Amino acid sequence: SINPKEIMFEEKAYEICQSFEDDSTNAIAYLIGHELGHKFNRDFNSIENSSLYSRLSFGGEDSSSKAIRDIIELNHRVKIEGEADEFACLYTKIAGFNSIGIAEDLVKKIYKSYKLKDDILPNYPKLERRIEITKEAIASTKRLITLFERANIAFILGKYDIAIDGFDELID
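Anyway, here's the lowdown on the structure attached to this text. (Residues numbered from 1 in each chain as written. Predicted model: local features only at pLDDT ≥ 70, side-chain atom pairs only at ≥ 80, totals over all residues. Heavy atoms only, no water.)

## Here we look at a nonpolar patch on the surface
A surface patch of nonpolar side chains, about 680 Å² in accessible area, is lined by Ile153, Phe155, Ile156, Leu157, Tyr160 and Ile164. The set of elements that each furnish at least two residues to the nonpolar patch consists of α6 (127–156) and α7 (160–171). The element that contributes the greatest number of residues to the nonpolar patch is α6, accounting for 3 residues. When you line up the elements, Ile164 lands in helix α7. (Patch = residues over 30% accessible without salt bridge, like charges linked within 9 Å, V, L, I, M, F, W, Y side chains within 5 Å. Areas by Shrake-Rupley, 256 points an atom, 1.4 Å probe, with all protein chains shown as cover. Salt bridge = Lys/Arg side-chain N within 4 Å of Asp/Glu carboxyl O. Helix = DSSP H or I, 4+ residues; strand = E, 2+ residues; numbered from the N terminus.)

What follows is the structure, encoded as structure tokens:
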């Protein structure tokens with residue numbers, strides 16, 4: 001059973017990260033950052049709630065009810081994977097890693113190494129969509145990273161009002 005208070009980091013995941021050689025620590029940081037994003041957002045609970053909502057609202061056994069349940073749960077999964085990717089992009093950069101550059105390839109290697117075929121991942125994005133989610137997260141995070149870097153420079157230069165405004169915007 002999955003413990004919502006733990007992050008599991010299998011040896012296989014470590015080996016995937018090690019395959020990035022010079023970028024292996026960036027890969028590890030991204031993977032941990034992504035999983036921390038799920039914890040931070042309490043995604044374990046939200047997946048259960050989404051599944052419960054879809055079962056209660058569309059509980060019939062007919063094909064239409066099942067299709068609606070699957071769509072609700074897949075859309076929710078897409079949303080939380082994107083949020084976890086954004087968390088990983090931003091916080092690994094803030095921590096000094098360059099994980100954004102390997103994120104897309106990491107997702108591909110995880111799918112390949114774990115043999116995650118589209119037909120065995122119910123209510124989970126197919127590889128092509130999962131890569132799009134990662135790209136979208138990278139694009140949306142780049143603005144925040146620029147804001148963070150500008151706020152840091154302003155702070156270093158003693159422009160504290162500008163730095164505070166930048167950090168406040170980041171928090172919001």
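## Observations regarding the layout of surface pockets
Think of a ball as big as a water molecule: rolled over the atoms, this probe shows where empty space is left. One number sums up the size of the second largest pocket: a volume of about 270 Å³. In terms of lining, the second largest pocket is formed by 13 residues, of which the most central are Phe87, Leu90, Tyr91, Leu144 and Leu170. Listing elements by their share of the lining of the second largest pocket, those giving two or more residues are α4 (63–94), α6 and α7. The greatest single-element share of the lining of the second largest pocket, amounting to 6 residues, is contributed by α4. Of the residues contributing to the lining of the second largest pocket, the split by class is 8 nonpolar, 3 polar and 2 charged. (1 Å grid on protein atoms, 1.4 Å probe; cavity = no way out; pocket = protein on both sides within 12 Å on 5 of 7 lines; lining within 4 Å. Points joined across faces, edges and corners; volume = space filled by probe spheres on them. Nonpolar A, V, L, I, M, F, W, Y, C, P; charged D, E, K, R; others polar.)

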